[in-house]
Amino acid sequence: MRPSNTAGPWLPLLLGCTLWAQDAPKTGAAPTLPELGPASALPEGAPPLLDRIDRGDLRTHAYWLADDARAGRYTSSTGQQATADYIAAHFARLGLSPLGDKKGFVQNYPLERVYLDKSTALTIGGKKLNTDFAVLHSSDKDKVNLSGRFVWCGNGAPDQVQGGLSRKIPLVVFSKPRARDGDEGAGRQGPGNDLQAVGRYVKVAQQLANKGADAGVVCLLDDQGSFGNTLNYRGLLPDHAQLRYGSGGRDLGMRIPLLILSAAQSRLLLEHVGVELDEDGAPKTAITNEKATGKLTIVVKADDKAKACNVVAYLPGTNKKSEAVVFSAHHDHVGRRLDGDVFNGADDNASGTSGLLEIAEAFAKSDERPARSVIFLSVSGEELGLWGSHWFSENPTWPLEKIVADINIDMIGRAVTDADKVGSGKIGMQITPSQDHEKFSTLVQNGVAIGAKFGITFSSGDQYYQRSDHYNFARLGVPVVFFCDGEHPDYHKVTDSPDKLDYVSMEAIARTACWTGWDAANDKDRPRELGKQ
Ligand SMILES: [Zn+2]
């Protein structure tokens, strides 16, 4: 699911997979996992194909997708491409028909990218730091070359920034927040949400620019909170471009570019210039080595050569085969943090992708064919603004007026958060459009009734109506239902890992989604809107 602080197609970030080599994947030995037990028996009246949806297979897929080797599946990255290949291979193995470009399973869409030239680096004491930083750029053509002494600018607050910064290298330190000292200083404030963090960087750039600076260096001593997370979304990293889809993209309002160093790199620089830190990790001195110099190079480039992809397949129906039901789930996530830690996105959305793969398998191997055709749509670009589903809805490879429903699953692995409840039959999910929503339909009504057979209770997920891929179908009049477990403490954190997913409830939720789609594919009538109930 995409973050809430991005109201529109937003400022992207990602990377052109052909240009940047990534670190060698960290692929450990296959984890030894506890027994899951056999799949549950089906409720009465369930279509037999549900039997193929199995907790063990869901877990196998989720662990593969959420492995560090996928590097957080950032749209257009090699990790996302590998994920798309995995999904396409699964569809091919099942004998499904391709529904992408040129009779393949892959549907590409074009992107613009803004990226750092390889010359971008900070050199100190003969050592070139060219990894583990981010740049918040001020224009697509930033070009900065500064060398000489660093100028101490404290935490970047107005009273700490001195004048005459032209051609100098201003140095700002954001230190770790203290537990409780009520300090309002910039460096001491705890990480707020991502928007506030962006606001801080913009303000610092403004202060420095007011004093004549051409660029600035920020030491981020706490790179694991919002100040670091934000850079993953909003910054340019050496191997990670910022992407733009269509005319989307918002200007941050940076007056000059800032180069922000990871905590590890920051400590190298602070040592070089003789800034001492106290026991809380906050600066206890300003620059003490007045002779320490450096060289800062920032070169930003832009082009329209990036692309990303969806993976699409279908199973032909029988007597209503020109019409189709879509199952959708996004497979992209948000990449890596500044310190290199991976956002594995196990719940978001390795869980839903695993569900989609299992649902596809259930349909493909079923003895009974559905009346309508069934499309399996695995999109990217979701986290950056629902790009892949937008592209599919605007460039449909199946006539849109013949698509009768979209069943979207995004985050289905954390419906049971209390370990004691696992297996208790208490599964809490959110669903949208709920009965309070004007787009409530027979599709949702049926989904709720089916979920009840698996012990799933639903609450309204209407706050997420525009925050996942079903929305791109809904906005064009296609009835949708969206199954989601809602936000939790690991949402968009590096702690969203596959060991935290509950594969027993995932099996029930994937079966609920599958059954809902099975009915929509076989019912005499297309799903219809009911309005608010
Ligand atoms: Zn998300």
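Residues numbered from 1 in each chain as written. Predicted model: local features only at pLDDT ≥ 70, side-chain atom pairs only at ≥ 80, totals over all residues. Heavy atoms only, no water.

**Focus: the coordination of the zinc ion**
The cut-off we apply is this: Nitrogen, oxygen and sulfur within 2.8 Å of a metal are treated as its donors, or within 3.2 Å for sodium, potassium and calcium (Na, K, Ca); water is not counted, so a site can appear incomplete. Under the scheme used here, helices are H or I runs from DSSP no shorter than 4 residues and strands are E runs no shorter than 2 residues, and both carry numbers assigned from the N terminus. Buried means the residue's accessible area, taken with a 1.4 Å probe over protein chains only, is under 20% of the maximum for its type, while exposed means over 50%, and partly exposed covers the values in between.
Every protein donor of the zinc ion is listed here as Met1 (O), Asp348 (OD), Glu383 (OE), Glu383 (OE) and His492 (NE2), and their distances to the metal cover 1.7 to 2.3 Å. Here the donor residues of the zinc ion are spaced in sequence according to M-x346-D-x34-E-x108-H. Taken together, the residues Met1 in the segment before helix H1 (55-65) and Asp348 in helix H6 (residues 346-365) connect sequence positions 347 residues apart. Look at Met1 and you get buried, because its relative accessible area is 0%.

**Some thoughts on the pairing of strand E10 (residues 258-261)**
We count it as follows: The criterion for strand pairing is that DSSP finds at least two bridges linking the strands in question.
Taking every second residue as pointing to the same face, both faces of E10 are buried, with Leu258 and Ile260 on one and Leu259 and Leu261 on the other. When strand E5 (residues 133-136) meets E10, the two strands line up antiparallel, connected through four bridges. Across the sheet, residue Phe133 finds its bridge partner in E10, namely Leu261. Examined bridge by bridge, strand E8 (residues 216-220) and E10 share four bridges and lie parallel to one another. What sits directly across from Cys219, in E10, is Leu261.

**Some words on the packing of helix H3 (residues 194-210) against helix H4 (residues 226-234)**
Quick note on the threshold: Working convention: axes come from line fits to C-alpha atoms, limited for helices to the stretch in contact. Angles between N-to-C directions cover 0 to 180 degrees. Angle categories: roughly parallel below 35 degrees, roughly antiparallel above 145, roughly perpendicular from 65 to 115, and oblique for all the rest. Whether two residues are in contact is decided by their heavy atoms, any of which lying within 4.5 Å being enough.
Contact geometry for H3 and H4: axes closest at 9 Å, N-to-C directions at 85°. In this view, H3 runs roughly perpendicular relative to H4, as classed from their interaxial angle. Contact with H3, carried on its side by Asp194, Ala197, Val198, Arg200 and Tyr201, involves Ser226, Phe227, Gly228, Asn229, Thr230, Leu231, Tyr233 and Arg234 of H4 and no other residues of that element.

**A closer look at the nonpolar core**
Formally: What makes a nonpolar core is a set of buried Ala, Val, Leu, Ile, Met, Phe, Trp, Tyr and Cys residues whose side-chain atoms join them at distances within 4.5 Å.
Core analysis: the biggest nonpolar cluster contains 63 residues, and Phe91, Ile359, Phe363 and Phe376 have the highest contact counts within it. In terms of residue count, the dominant contributor to this core is helix H10 (residues 503-522) (11 residues). When residues no more than four places from it in sequence are discounted, the contact partners of Phe91 are Leu96, Phe105, Val311, Ala313, Leu357, Ala360 and Phe376. Leu122, Val135, Ala215 and Val275 belong to the second-largest nonpolar core, a separate cluster that totals 30 residues.

**Re the pairing of strand E6 (residues 143-152)**
The pairing of E6 with strand E11 (residues 293-315) spans seven bridges and is classified as antiparallel. Across the sheet, residue Leu146 finds its bridge partner in E11, namely Leu296. Bridging between E6 and strand E7 (residues 169-174) involves three bridges; their strand directions are parallel. Along E7, the bridge assignment pairs Trp152 with Leu171.

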